[in-house]
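# Descriptive analysis of the structure
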Amino acid sequence: MEEIEYLGETIYRWTVGASTYLASPRRGARLMNWNLSYPDGTFRDIMHWPDLATSDAFVKARGGNPILFPFSARTFARGELHKWVAPSGKTLPMPMHGIARQGAFETTRVDKTGFAAKLAPDPSAQEAYPFDYDFEVIYRFQEKEFSVELRLSNHGTESMPWSAGHHFYFTIPWLDGTTRADYSLLIPAKKAVRHASNGSLDPVEGHSRTESIANPSIVDRIHYKLTSPVVECVCKQDGSRLKIEIGTQATPNPGYALVTWTESDKAPFFCIEPWMGPPNAPENEIGLHHVGPGETQAFSVTVSV
């Protein structure tokens, strides 16, 4: 592990065998890039990171893994966008994807195995999520896989709702000479929905267990009621793959969700996103989890190649 300068700031680089990881623990606990080197001098870029001109573009950069907390995507309060109704009954603000990706984190551990960082809520974050808590992001790096754990500890006297997630920007296609049509995605889900403009979830009929990455109908689609924790993207040309394991149980929590999204058919990335539940969890109550007073909950994901 070493410190390096990036756009006038300090970030960290880990070299673990053939893998290199770049991350900024303090800026949103953001994993930025993961690439794998081969003996012939070539490499595979697994986690996409764009070229940025200034550090101001960091928060909204289309790359790495923005952390979505306490809720993923858009929330509504009786039809009002970017609001949510807290257990107290009070309507509160809630930015798109929550308060973590743009938040400042305190680094609690940086060593050769990875890092841990704790959210330091600013006044706007405290207004949106007014609880007494610690939210930690914990990364562990290995040569051909990493794990990331989101951990929420409740230090208050009331139950806290949450439905966090990850926004992985994967480099797909990853093999020279291939297109998205050369990649298939295994999604072991019983249900598929889309997030409607009023915050509700519209059912999707006819979704398949195996989909082509080139299929436009999987863009911005939410899958849940997973029958297996393992989601795989496979290159049909050489059999290389990307595997995402959601949670730690053989049968995932029924609320856990897998979201597929990309910016356009020309984008150098395709997002395969494990979430604790579909969007607008406080209102739809699917994938909404509660941490009682004095309790800690965790959401763990492992990505491997």
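Described in the following lines is the structure provided in the data block.

So, on to the overall build of the chain. A count of helices and strands for the chain gives two helices and 28 strands. Relative to the compact-globule value of 19 Å for 305 residues, the chain shows a C-alpha radius of gyration of 19 Å, a close match. Projected onto its principal axes, the C-alpha positions of the chain cover 60 × 50 × 35 Å. Counting every position in the chain, which comprises 305 residues, the buried fraction comes to 54%. Long-range contacts, defined here as pairs at least 24 residues apart, represent 62% of the contacts in the chain between residues at least 6 apart. As presented, the chain carries roughly 13,000 Å² of accessible surface, and 47% of it is formed by carbon and sulfur atoms.

Enumeration according to the criterion identifies zero disulfides in this entry. As a non-bridged cysteine, Cys233 has Cys235 as the owner of its nearest cysteine sulfur, 8.3 Å distant. According to the relative accessible area criterion, Cys233 is buried, its value standing at 1%. The thiol of Cys271 is unpaired, and the distance to the nearest cysteine sulfur, on Cys233, comes to 12 Å.

As a further point, take empty space enclosed by the protein. Enumeration over the complete set of coordinates arrives at one cavity of 30 Å³ or more. One number sums up the size of the largest cavity: a volume of about 40 Å³. Around the largest cavity sit Tyr6, Leu7, Glu9, Ile11, Ser24, Arg27, Ser55 and Phe58, which together line it. Along the lines of polarity and charge, the residues of the lining of the largest cavity split into four nonpolar, two polar and two charged.

Further remarks concern unusual backbone geometry. Of note, the bond from Phe69 into Pro70 is cis; its omega dihedral lies within 30 degrees of zero at 0°. If you trace the backbone, Pro70 turns up in the loop between strand 6 (67-68) and strand 7 (76-77). For the bond from Ile172 to Pro173, the omega torsion is 5°, close enough to zero to count as cis. Topologically, Pro173 is positioned in the loop between strand 17 (169-171) and strand 18 (183-186). Even without a glycine there, the phi angle at Lys225 is positive, about 55°. We note that Glu285 has phi near 65°; this positive angle belongs to a residue other than glycine. Tracing the chain through its elements places Glu285 in the loop between helix 2 (281-284) and strand 27 (289-291). With relative accessibility at 59%, the residue Glu285 sits in the exposed group.

Ordered in space as 11-12-13-14-28-24-23-18-21, the nine strands form an open sheet in which the pairing is antiparallel. Of all the strands in the sheet, just strand 11 (105-111) and strand 21 (210-212) have a single pairing partner and so form its edges. Taken pair by pair, the neighbouring strands of this sheet meet at an average axis angle of 15°, ignoring direction. One ladder, built from nine bridges, connects strand 13 (residues 133-141) with strand 14 (residues 145-154); its direction is antiparallel. Looking at strand 14, one finds that Tyr139 is bridged to Val148.

What counts and what doesn't
All chains use their own residue numbering, which begins from 1 and follows the written sequence. Confidence filtering applies because this is a predicted model: local features only for residues at pLDDT of at least 70, side-chain atom pairs given and counted only at 80 or more, and all residues used for totals across whole chains, interfaces and linings. For the side-chain quantities, the full set of heavy atoms in the structure was used; hydrogens and water were omitted. Counting from the N terminus, the helices are the DSSP runs of H or I reaching at least four residues and the strands are the DSSP runs of E reaching at least two. For this measure, only C-alpha atoms enter the radius of gyration; the expected value for a globule follows 2.2 Å times N^0.38, where N is the number of residues. Under the scheme applied here, a residue whose accessible area is under 20% of the maximum for its type counts as buried, over 50% as exposed, and between as partly exposed, the area being computed with a 1.4 Å probe on protein chains only. In what follows, residue pairs with any heavy atoms lying within 4.5 Å of each other are defined as contacts. Only the protein chains shown count as covering a residue, and every accessible area follows the Shrake-Rupley method with a 1.4 Å probe. Any pair of cysteine sulfurs within 2.5 Å is marked as a disulfide. A cavity here means a set of 1 Å grid points, computed over protein atoms only, where a 1.4 Å probe fits but cannot escape. A pocket is an open set with protein on both sides within 12 Å along at least 5 of 7 lines, and lining residues have an atom within 4 Å of a point. Grid points are joined across faces, edges and corners, and a volume is the space filled by probe spheres set on the points. Each residue gets one of three labels, nonpolar for Ala, Val, Leu, Ile, Met, Phe, Trp, Tyr, Cys and Pro, charged for Asp, Glu, Lys and Arg, and polar for the others, Gly among them. When DSSP finds at least two bridges between two strands, those strands are taken to pair. Lines are fitted to the C-alpha atoms to define the axes, a helix being fitted only along its stretch in contact, and any angle between axes, read from their N-to-C directions, falls within 0 to 180 degrees.

Fair warning: the whole summary comes from geometry, so function is off the table for now.
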